[in-house]
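Tertiary structure, described
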Amino acid sequence: MTSIIQVDPLHPEPERIARAASVLRAGGLVAFPTETVYGLGANALDADAVRRIYQAKGRPGYNPLIAHVADEEGARRLASRWPPLAARLAEAFWPGPLTLVVPRRPEVPDVVTAGLDTVAVRAPSHPVARALITAAGVPVAAPSANRFTELSPTLARHVERSLGGRVDLIVDGGPTTVGIESTVVDVSGDAPLLLRPGGISAEELEPLTGPLAAMGPIAGSEARPSPGMIERHYAPRAELRLFDSDRRGAAADAARVESERGRKVGALLLAPLAAPIRHPILMPTDPAAYARALYASLHLLDEEGCDVVLVERVPGTRRWEGVADRLERGAVRVVGHGG
Ligand code: TXA
Ligand code: MG
């Protein structure tokens, strides 16, 4: 049975947070809002509890988890070494949507790190997440609160639909504000590595990190440095098809063909498109606002039963990197690119 409790997103009620914290301390699973997406949390120091996360998500064991902490001090307790760059980045961007991969201490269970010698740590800024971590008094391992390969949740309703019955408690703190997952940077080696673009753009990080090399996608299912690299992640039920802004004619043709075939067509657009689209969504043209709306829009199109979603590609600039990454991973085919 899954219970749901409502909390005030800005001033979470202490007794409600205490209840959620006691579920965590007892080894249970609690879904809670962070500023990026809802997380599916367990006590990161309790290997059995963390194993339940993988079961609930149907997530393969080679995907390491992020340990959520209240602050830099909490993160350092999990790290065997705290590189100077970690300190500078934590100082500048925590609490916030930045995850740092650092060398881990042996006390961190293997099930959290998938046996890697590093651990991912993040201090979220959401008041509910912060209150919960503090009240629990333990680091909280939490992936996004969705079944493996499904869309990430930005509302408690999304969590309930995906994981209802599989978690002990859902803390409903309203919509998340950043809307896409945290940026993951590996600072454990000689040069920092961007493992996943996200809530903080590389452009914002580079004044501190210097030029940030990005990890390319990895195929196969063996241990990998970052499962954020798994293809066809973040996918809605509908088929996503990306098109470039200079191929709007081809996209309109595709909409016509699909709707004549009786398929329900949705779209995420940057400008109106004259085409037989049942559920067109005009998206914001600012990357932060687009990110905030992205998963909620895709969830909505899934709820409407769309079979195909035509997605106008976002600009190729670095500020759009996090959004573009989610769109490319969710897409299976491209309109007007011969595929
Ligand atoms: O915004 C977020 O990061 C959300 C909220 C809940 O905090 N969490 C999230 O978790 O997106 P998840 O499990 O869906 O993604 C975790 C990412 C993976 O892509 C993985 O690449 C990276 O963190 N990661 C975790 N541990 C790692 C490690 N030791 N080395 C490299 N990458 C790691
Ligand atoms: Mg995820």
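Now for a description of the structure that goes with this document. (Residues numbered from 1 in each chain as written. Chains lettered and ligands numbered in written order. Predicted model: local features only at pLDDT ≥ 70, side-chain atom pairs only at ≥ 80, totals over all residues. Heavy atoms only, no water.)

Bringing the pairing of strand 5 (residues 98-103) into the picture now. With six of six residues buried, strand 5 lies mostly within the body of the structure. Across four bridges, the pairing between strand 5 and strand 9 (residues 183-186) is parallel. For Leu98, the partnering residue across the bridge sits in strand 9 and is Thr183. Pairing between strand 5 and strand 6 (residues 118-122): four bridges, direction antiparallel. Paired with Val102 across the two strands is Val119, which belongs to strand 6. (Buried < 20%, exposed > 50% of the residue type's maximum accessible area, 1.4 Å probe, protein only. Helix = DSSP H or I, 4+ residues; strand = E, 2+ residues; numbered from the N terminus. Pairing = 2+ DSSP bridges.)

A few words on the environment of Thr36. Checked against the element boundaries, Thr36 lands in the loop between strand 2 (30-33) and strand 3 (38-43). Sequence spacing of Thr36 and Val178 is 142 residues, and the spatial spacing of their C-alpha atoms is 4.7 Å. Setting aside anything within four residues of it in sequence, one finds Thr36 in contact with Pro97, Arg122, Thr154, Thr176, Val178, Gly179, Ile180, Glu181 and Ser182. (Contact = heavy atoms within 4.5 Å.)

Okay, the environment of Arg59 next. Positionally, Arg59 belongs in the loop between helix 2 (47-57) and strand 4 (66-68). Placed 14 residues apart in sequence, Arg59 and Leu45 show a C-alpha to C-alpha distance of 19 Å.

Given 3.6 residues per helical turn, the α-helix brings residues three or four places apart onto the same face. For helix 6 (residues 127-136), the full list of buried residues reads Val128, Ala129, Leu132, Ile133 and Ala136. Around the axis of helix 6, the buried residues are gathered within 125° of arc, so they sit on the same side. In the stretch just after helix 6, Gly137 is the one whose phi turns positive, near 70°. (Arc of directions from axis to C-beta.)

Bridging between strand 9 and strand 10 (residues 193-196) involves three bridges; their strand directions are antiparallel. From the neighbouring strand, Asp186 faces strand 10, where its bridge partner is Leu193. Connecting the antiparallel pair strand 9 and strand 10 is a turn made up of six residues. Here two bridges tie strand 10 to strand 11 (residues 213-214), and the two strands are oriented parallel to one another. By the bridge assignment for strand 11, Leu193 is matched with Ala213. In this fold, strand 10 hands off to helix 8 (residues 202-209), which returns the chain to strand 11; that crossover is right-handed. (Right-handed = clockwise from strand over helix to strand, strands pointing away.)

In space, the 11 strands of this open sheet follow the order 1-8-2-3-7-4-6-5-9-10-11, with mixed pairing throughout. The strands lining the two open edges of the sheet, one partner per strand, are strand 1 (3-6) and strand 11. Across the sheet, helix 7 (residues 156-163) is in contact with strand 1, strand 2, strand 3 and strand 8 (169-172); its angle to strand 8 comes to roughly 160°. (Axes fitted to C-alpha atoms, helices over the stretch in contact; angles between N-to-C directions.)

Right, let's get into the environment of Ala135. One can find Ala135 in helix 6. It is 8.4 Å that separates the C-alpha atoms of Ala135 and Ser22, two residues lying 113 residues apart in sequence. Among all residues touching Ala135, those that are not within four sequence positions of it are Ile17, Ala21 and Arg25.

This paragraph deals with the layout of surface pockets. Empty space left among the atoms is revealed by rolling a probe the size of a water molecule over them. Reported here for the second largest pocket is a volume of approximately 300 Å³. Gly198, Gly199, Glu204, Ala288 and Arg319 are the residues nearest the centre of the second largest pocket, which is lined by 22 residues in total. Residue assignment for the lining of the second largest pocket shows that the elements contributing at least two residues are helix 8, helix 10 (287-303) and helix 11 (321-330). Counting residues per element, the lining of the second largest pocket draws most heavily on helix 10, which supplies four residues. Broken down by class, the residue content of the lining of the second largest pocket amounts to 10 nonpolar, five polar and seven charged. (1 Å grid on protein atoms, 1.4 Å probe; cavity = no way out; pocket = protein on both sides within 12 Å on 5 of 7 lines; lining within 4 Å. Points joined across faces, edges and corners; volume = space filled by probe spheres on them. Nonpolar A, V, L, I, M, F, W, Y, C, P; charged D, E, K, R; others polar.)

Bringing the side chain of Arg326 into the picture now. Within the secondary structure, Arg326 sits in helix 11. A polar contact of 2.8 Å, which involves the side chain of Arg326, links it to the backbone oxygen of Pro197. At a separation of 2.9 Å, a polar atom in the side chain of Arg326 contacts the side chain of Asp325. (Polar contact = N/O pair within 3.5 Å; in protein donor to acceptor, adjacent residues only side chain to side chain.)

Before going further, it helps to spend a moment on the nonpolar core. In this structure, Trp82, Trp94, Leu98, Leu100, Val102 and Val121 are the most contacted members of the largest nonpolar core, which totals 47 residues. At the level of elements, strand 3, helix 2, helix 4 (84-93), strand 5, helix 5 (110-113), strand 6, helix 7 and helix 8 are the ones that each hand at least two residues to this core. If we ignore the near neighbours within four places in the chain, the residues touching Trp82 are Glu72, Ala75, Arg76, Ala87, Ala90, Trp94, Leu100, Val102 and Val121. Grouped together as the second largest cluster of nonpolar side chains are 24 residues, Val37, Leu270, Val309 and Val314 included. (Core = buried A, V, L, I, M, F, W, Y, C linked by side-chain atoms within 4.5 Å.)

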